[in-house]
Amino acid sequence: MRVTESCAACLYDKQKHLTDDACYLAEIRNIIENRGEEDTSPYLVYRFNQVYESHFGSRAPYGAVKKKYNDLVLSVEDVLRDRIETSQDPLIKSFLYARVGNYIDFGAMNQVDEATFLSLFDQAEMNSGEGEVMDSLLRQCQDARRFLLIADNCGEIVLDRLFLEQLRRRFPQLKISVMVRGGEVLNDVTREDAEYAGIHRIAEIVSNGLPIAGTVYRMLPESARTVMDQADVILAKGQGNYESLAGQGRHIFYSFLCKCDLFTSRFQVPRLTGIFTEEQAQATGGCFYSGADCVDRVYRRTEKCRS
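Draft legend 1. Structural detail: the environment of Ile28. Here Ile28 lies in helix 2 (residues 22-33). In sequence terms Ile28 and Leu11 are 17 residues apart; their C-alpha atoms lie 9.2 Å from each other. Aside from chain neighbours lying at most four places away, what touches Ile28 is Tyr12, Gln15, Phe48 and Val51.

Take a look at the structure:
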């Protein structure tokens, strides 16, 4: 997903909010203005972080924040599991709860509010048209052997485990892998965070090799590329994974909440709206989303491809 001018301006403003150091900001502006056609927002932020550390040293760690939200979700896990188990379709309910977890994003959100987060569970439901996408996911899982979930944030990863438990119950033949970040970046999930959330009990954990808040295929280590290439079904969580993977010709399901102007404008929905969409593989690249020319099947609209 290419970086638009409005997105570039937002990226710069966020760096300007960190510091008014003219030398640092000049380097950031140079990176933005000379970005490549295929550069995505997560990749640019990865480069920003390298420049930041060369000027000011390591950023303040998010370890305490990550533990806080993992512990918060773990503290309500039994309640949520009970709701899942007693719902009409536990797999779908667990999927919707896992999408709620995408709210916990200290990159896209100016403020993460615990009360708002917890309230979203009561609003978790399928949007118009999403049933068709879910039917497609389940149909493909029926015949699949390997399932890859590309994870996003802490807290959310506990809910991902609840979803994967239901997925394995429905499709016991699946070998499940979960891809995490290769180093500390914001409140994104690393191997240690995933293990703390219990992911290792249900899935193989794979590192993307770098502290980058997305999945840049060309930068993945060989082990991660192999897992991705061999996956029969891929579900990518969060805006960062969508930004770094969409429009590259791969067959991927995406699930996230729209948390910034770029996404609310792209999908023409209110803030915190859940999106679940399927991007079909294209031999020549580009993008094709089932049910629409480009963007999504969820709202059944057609627009010219902008990826």
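Resuming the write-up.
Draft legend 2. The packing of helix 1 (residues 5-18) against helix 2, seen in detail. Between helix 1 and helix 2, the least distance of the axes is 10 Å, while the angle of their chain directions is 165 degrees. It follows from the interaxial angle that helix 1 and helix 2 lie roughly antiparallel. Considering how the two elements wind past one another, helix 1 and helix 2 form a crossing that is right-handed. Between helix 1 and helix 2, the residues in contact are Ala8, Tyr12, Gln15 and Lys16 and Tyr24, Leu25, Ile28, Arg29 and Ile32, respectively. When its residues are assigned to classes, the contact of helix 1 with helix 2 shows six nonpolar, one polar and two charged.

Draft legend 3. Structural view of the packing of aromatic side chains. Scanning all chains against the criterion turns up 19 aromatic pairs. On the numbers, 5.2 Å between centres and 90 degrees between planes, the contact of Tyr97 with Phe121 is edge-to-face. Of this pair, Tyr97 sits in helix 6 (residues 90-100) while Phe121 sits in the loop between helix 7 (114-120) and helix 8 (130-143), placing them 24 residues apart in sequence. Seen in terms of ring centroids, Phe256 and Phe267 are 5.7 Å apart; in terms of plane orientation they differ by 65 degrees. Their pairing is edge-to-face. Here Phe267 lies in helix 13 (residues 261-267) and Phe256 lies in strand 5 (residues 252-257), a separation of 11 residues in the sequence. Phe267 carries the same exposure label as Phe256, and that label is buried. The ring of Tyr52 carries the charged tip of Arg59 above its face, separated from the ring centre by 4.2 Å.

Draft legend 4. Region of interest: the environment of Gln15. Mapping Gln15 onto the fold places it in helix 1. It is 36 Å that separates the C-alpha atoms of Gln15 and Val233, two residues lying 218 residues apart in sequence. Those residues within four positions of Gln15 in sequence are excluded, and the remaining contacts are Tyr24, Leu25, Ile28, Phe48 and Arg59. Within the structure, Gln15 has its side chain in polar contact with the side chain of Tyr24 (distance 2.4 Å).

Draft legend 5. Layout of the pairing of strand 2 (residues 175-180). With respect to burial, strand 2 is a largely interior element, five of its six residues being buried. Of the strand pairs in this sheet, strand 2 and strand 3 (residues 204-207) are connected by four bridges, and their pairing is parallel. Residue pairing across strands places Val178 opposite Ile205, the latter belonging to strand 3. After leaving strand 2, the chain enters helix 10 (residues 191-196) and then returns to the sheet as strand 3, a path that is right-handed.

Draft legend 6. Expanded view of the nonpolar core. Ranked by size, the top nonpolar core spans 54 residues in total, and within it Phe147, Phe163, Leu164 and Leu167 carry the most contacts. The dominant element in this core, judged by the number of residues it contributes, is helix 9 (residues 156-170), at seven residues. Not counting chain neighbours up to four residues away, the residues in contact with Phe147 comprise Leu137, Cys141, Phe163, Leu164, Leu167, Leu174, Lys175, Ile176, Ser177, Val233 and Leu235. Core analysis: the next-biggest nonpolar cluster, separate from the first, contains 41 residues, Tyr12, Ile31, Phe48 and Val269 among them.

Draft legend 7. Just helix 1, in detail. Look at helix 1: 20 Å from first C-alpha to last across 14 residues, which is about the 20 Å you get at 1.5 Å a residue. Turning to helix 1, its buried residues are Cys7, Ala8, Leu11, Tyr12 and Gln15. Projected down its long axis, helix 1 carries its buried residues within an arc of 135 degrees, all on one side. Opposite the packed face of helix 1, turned more than 90 degrees from it, sit the exposed residues Glu5, Ser6 and His17. Here the buried face of helix 1 lies against helix 2, helix 3 (41-56), helix 12 (239-245) and helix 13.

Draft legend 8. Local environment of the sheet that holds strand 5. Strand order in this open sheet of six strands is 3-2-1-4-5-6, and the pairing throughout is mixed. Each of the sheet's edge strands pairs with one partner strand only, and the pair in question is strand 3 and strand 6 (274-279). Adjacent strand axes in the sheet meet at a mean angle of 20 degrees when their direction is disregarded. Bridge count between strand 1 (residues 146-150) and strand 4 (residues 233-237): four bridges; the pairing is parallel. By the bridge assignment for strand 4, Leu149 is matched with Leu235. Sheet strands touched by helix 6: strand 4, strand 5 and strand 6. Its angle to strand 5, the strand with the most contacts, is close to 60 degrees.

Conventions we followed
Residues numbered from 1 in each chain as written. Predicted model: local features only at pLDDT ≥ 70, side-chain atom pairs only at ≥ 80, totals over all residues. Heavy atoms only, no water. Helix = DSSP H or I, 4+ residues; strand = E, 2+ residues; numbered from the N terminus. Contact = heavy atoms within 4.5 Å. Axes fitted to C-alpha atoms, helices over the stretch in contact; angles between N-to-C directions. Parallel < 35°, antiparallel > 145°, perpendicular 65-115°, else oblique. Left-handed = near helix turned anticlockwise from the far one by under 90°. Nonpolar A, V, L, I, M, F, W, Y, C, P; charged D, E, K, R; others polar. Phe/Tyr/Trp six-rings, centres within 6.5 Å; stacked < 30°, edge-to-face > 60°. Buried < 20%, exposed > 50% of the residue type's maximum accessible area, 1.4 Å probe, protein only. Lys NZ or Arg CZ within 6 Å of the ring centre and 35° of its normal. Polar contact = N/O pair within 3.5 Å; in protein donor to acceptor, adjacent residues only side chain to side chain. Pairing = 2+ DSSP bridges. Right-handed = clockwise from strand over helix to strand, strands pointing away. Core = buried A, V, L, I, M, F, W, Y, C linked by side-chain atoms within 4.5 Å. Expected span 1.5 Å × (residues − 1). Arc of directions from axis to C-beta.

So yeah, pure geometry; function would need other evidence.
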